[in-house]
Amino acid sequence: MDNSPTTVVDNVGGISDAFDWLSQTVDSGGYSEDVTLDMGMEYAETTGGAALKQTQDNDNMSVKGISLTADDIIQIEFSDPKQAAHLYEEYSRVRGFGIRQGKKIRNKKGEFVQFTYLCNREGFRDKKWLQMHHRKRELKVVTRCGCPAEMRIKSRDSTGKWYVSRFVDNHNHDLLPAKFVEYLPSHRKILDVDKAHMDSMRQVGISIPKIYESIAAQAGGFNRVSFTKRDMYNEIWWQRALQNGNVNADLRALANAARIDDRMFWRYEVGVGNHMCDLFWSNGRSQEDYKLFGDVLAFDATYGRNKYNLPVIVFFGVNHHMQTCVFGTAMVSCESQSSYVWVLMRFLECMGGKPPTAVITDGDRSMRIAIQQVLPEAHHRLYAWHLIRNATANVCNLRFTSLFRHCMLADFEVEKFEMHWQAMVEECGTSDHEWVKDLYTKKSSWATAYIRGSFFAGIRTTSRCESLHAKLGRFVEKRYGVLDFVTNFQRCVDFLRDNEDELEFRSSYGTPVIQTQFPELEKSGVLCYTREIFVRYRESLKWSVRVTIVECIEADDICVYVIQKYRRPDRTWNVT
């Protein structure tokens, strides 16, 4: 506790000429950078270079070497209240306390004639805030203790200047050491340049803690940063509050995107309180991708939820570079059959009524019924990634998960698959496990069964779809608001498309080295396929030398080749 004698000064007039220079060194925004408060002992090193110094004698301070006491402060004249507030703020920083603005008084004309600046521990907390026993959160600590310290300024009618009419420099609490002063709310400020830096880094998905570390590194240390991570989170909340929390800001963002992309498509539904309840959007390039690569459509709603608690659904597929491409995105109010029907109807509307040949999902019942209703001709398959994850969760046997993954993804004939399955369940003791038996009955719905027939050399495309699956999951888990999500998700899609452009370049630049015994066929593959597809095509050529034609059966309109693998004389296959 500060036990120094109470310093109370009442000014009734008289301005010392010795401080006339002070008014000339400050502008309407406060003091210039070369105005420092010097109290004797080096303070700059402990405050990260701030031009403030402190001594044990806290009753005196100096500006540019001029000793400044409470009596001296009362002689200073200001051109506007901002200058007075800035002086008292710097004074409080050196002394070790925070300030806040108190009562403001107007005259009959409505003009301000008096301002009071208080210690932030002035007054007492209302008792009703101390008796909230039903409150779930911990009550905030009590900081108000009735501190009497204050500075009051009044306007001088004759000159329009402001003077200090009252200055109380006594505190009834302990003053903080220098290393803690910067944590006081009145001394924490986020500059406009730091806000711009924070916004630009958030737009590319960088988290607040990482941004804080970056700003601290640029400033030369955490002790040189004038705000905390909590202040950054509060600033983000304030920016979102300015958007009124309703659908208007989201629609404006989509409308702005439509001015750039005339094929931008979006549909929405508004619920109670003018909040977004369902939203679907897709841009022109996504629609072009669907025309080319939309034979197989993958989607689910397992990515998480945003700030408005809306599940996110991403429609995606695989392009000619074996790379994930996004066809459209949706947010729904709930994971119900009606919501999925609405989304699928909007998806078909966007894509000109063209349905996919196959749909891959996570097996959700509501989703399955909606697919049967809206896409009755599409083959419905289940994610291999979800099946493997569910196998780990339901069987809790890593050996079983490993064997099941091999069983599902390996290129087995039917008989060999049955043999491996039987060996697996016997080894792991899961023959009577209900979940395993149910999984076996659904084997025809495993995604790899269809993808193998739909994509060239196809089952490995599953991993491509599901690699983005994890990335998007981490992205959505950051819990953006609707507007933030639409903006940042589009940047994520743009990143994928930039990768596609790079792969296009690599496919058109240079020629792969011929490696097989079929140079003409391999050269034709170079001309027809992208690099990713060509590598798989060449592997197929290498495998083709392992078979031989045993017989050729010609009919009126078909030709059947009977082939046999080397070292497998007991088996033959018919290729029609």
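Treat the numbers as computed from the prediction; the structure is a model and nothing was measured.

Trainee: Got a minute to help me understand the overall build of the protein in this structure?
Mentor: For the protein, the count of helices and strands is 20 helices and 21 strands. Across the 576 residues of the protein, 44% fall into the buried class. Counting contacts in the protein only where the partners sit at least 6 residues apart, residues at least 24 apart contribute 57% of the total. Split by element, the accessible area of the protein, about 31600 Å² in all, is 52% carbon and sulfur.

Trainee: Would you explain the packing of helix α14 (residues 414–428) against helix α15 (residues 434–441) in this entry?
Mentor: Angle between the axes and distance between the axes: these two values describe a pair of packed helices. Close contact between α14 and α15 brings their axes to 13 Å; oriented N to C, the two are set at 175 degrees. As judged from the angle between their axes, α14 and α15 are roughly antiparallel. Here α14 contributes Phe-417, Glu-418, Trp-421 and Val-425 to the contact with α15, which in turn contributes Val-436, Leu-439 and Tyr-440.

Trainee: What is the right way to look at the sheet that holds strand β19 (residues 547–554) in this model?
Mentor: Paired through backbone hydrogen bonds, the strands of a sheet run either parallel or antiparallel to each other. If you trace the three strands from one edge of the open sheet to the other, you get β19-β20-β21, paired in antiparallel fashion. The strands lining the two open edges of the sheet, one partner per strand, are β19 and β21 (573–575). Along the sheet, successive strands turn relative to each other by an average axial angle of 30 degrees, direction set aside. Note: strand β20 (residues 559–565) against β21, three bridges, orientation antiparallel. Within the sheet, the bridge partner assigned to Val-562 lies in β21 and is Asn-574.

Trainee: Can you walk me through a nonpolar patch on the surface in this structure?
Mentor: Together, Leu-176, Phe-180 and Tyr-183 give the surface a local cluster of nonpolar side chains, amounting to about 300 Å² of exposed area. Mapped onto the fold, Tyr-183 is located in the loop between α4 (178–181) and α5 (192–202). The exposed category is assigned to Tyr-183, whose relative accessible area is 54%.

Trainee: Mind showing me how you'd approach helix α3 (residues 81–95) here?
Mentor: Structural remark: α-helix, 3.6 residues per turn; residues separated by three or four positions point the same way. With 15 residues, α3 should reach 21 Å at 1.5 Å per residue; the first-to-last C-alpha distance of 21 Å fits that figure. Within α3, twelve of the 15 residues are buried, leaving the element largely enclosed by the surrounding structure. Every buried residue belonging to α3 is among Pro-81, Gln-83, Ala-84, Leu-87, Tyr-88, Glu-89, Glu-90, Tyr-91, Ser-92, Arg-93, Val-94 and Arg-95, and all of these are buried. Downstream of α3 by one or two residues, Gly-96 has phi in the positive range, about 105 degrees.

Trainee: For this particular structure, what's the right way to read the packing of aromatic side chains?
Mentor: Each aromatic ring pair is summarised here by two numbers: the centre-to-centre distance and the angle between the ring planes. This model, assessed by the stated rule, comprises 26 aromatic pairs. Ring centres 6.0 Å apart and planes at 75 degrees place the aromatic pair Phe-280 and Phe-315 in the edge-to-face group. Linking Phe-280 in strand β13 (residues 276–282) with Phe-315 in strand β15 (residues 312–318), this pair joins segments that are 35 residues apart in sequence. Accessibility assignment for this pair places Phe-280 and Phe-315 in one class, buried. For the pair Phe-280 and Phe-347, a centre-to-centre distance of 6.2 Å together with 85 degrees between the ring planes defines the contact as edge-to-face. In this pair, Phe-280 is assigned in strand β13 and Phe-347 in helix α10 (residues 337–350), connecting sequence segments 67 residues apart.

About the criteria used
- Residue positions are given per chain, counted from 1 along the sequence in the order it is written.
- Two thresholds apply to this predicted model, a pLDDT of at least 70 for residue-level local features and 80 or more for giving and counting side-chain atom pairs, whereas whole-chain, interface and lining totals are computed over all residues.
- To get the side-chain values, take all heavy atoms of the structure and skip hydrogens and water.
- Numbering goes from the N terminus for both helices and strands, where a helix is a DSSP run of H or I of at least four residues and a strand is a run of E of at least two.
- Here's how the labels work: a residue is buried when its accessible area is under 20% of the maximum for its type, exposed when over 50%, partly exposed in between, all with a 1.4 Å probe on protein chains only.
- Contact criterion: two residues are considered in contact whenever any of their non-hydrogen atoms come within 4.5 Å of each other.
- Accessible surface area values rest on a Shrake-Rupley calculation with a 1.4 Å probe, where residue burial reflects the displayed protein chains alone.
- Between N-to-C directions, angles span 0 to 180 degrees; the directions come from axes that are lines fitted to C-alpha atoms, helices contributing only their stretch in contact.
- Each angle receives one of four descriptions, namely roughly parallel if under 35 degrees, roughly antiparallel if over 145, roughly perpendicular if within 65 to 115, and oblique otherwise.
- Here, strands pair whenever DSSP counts at least two bridges between them.
- Candidate patch residues must exceed 30% relative accessible area and have no salt bridge, after which like charges are joined if within 9 Å and Val, Leu, Ile, Met, Phe, Trp or Tyr side chains if within 5 Å.
- Throughout this description, the term salt bridge denotes a Lys or Arg side-chain nitrogen within 4 Å of a carboxyl oxygen of Asp or Glu.
- Multiplying 1.5 Å by the helix residue count minus one yields the expected span of that helix.
- Classification of ring pairs rests on two measures: the distance between centres of Phe, Tyr or Trp rings, Trp counted by its six-membered ring, which must be within 6.5 Å, and the angle between planes, read as stacked under 30 degrees, edge-to-face over 60 and tilted in between.

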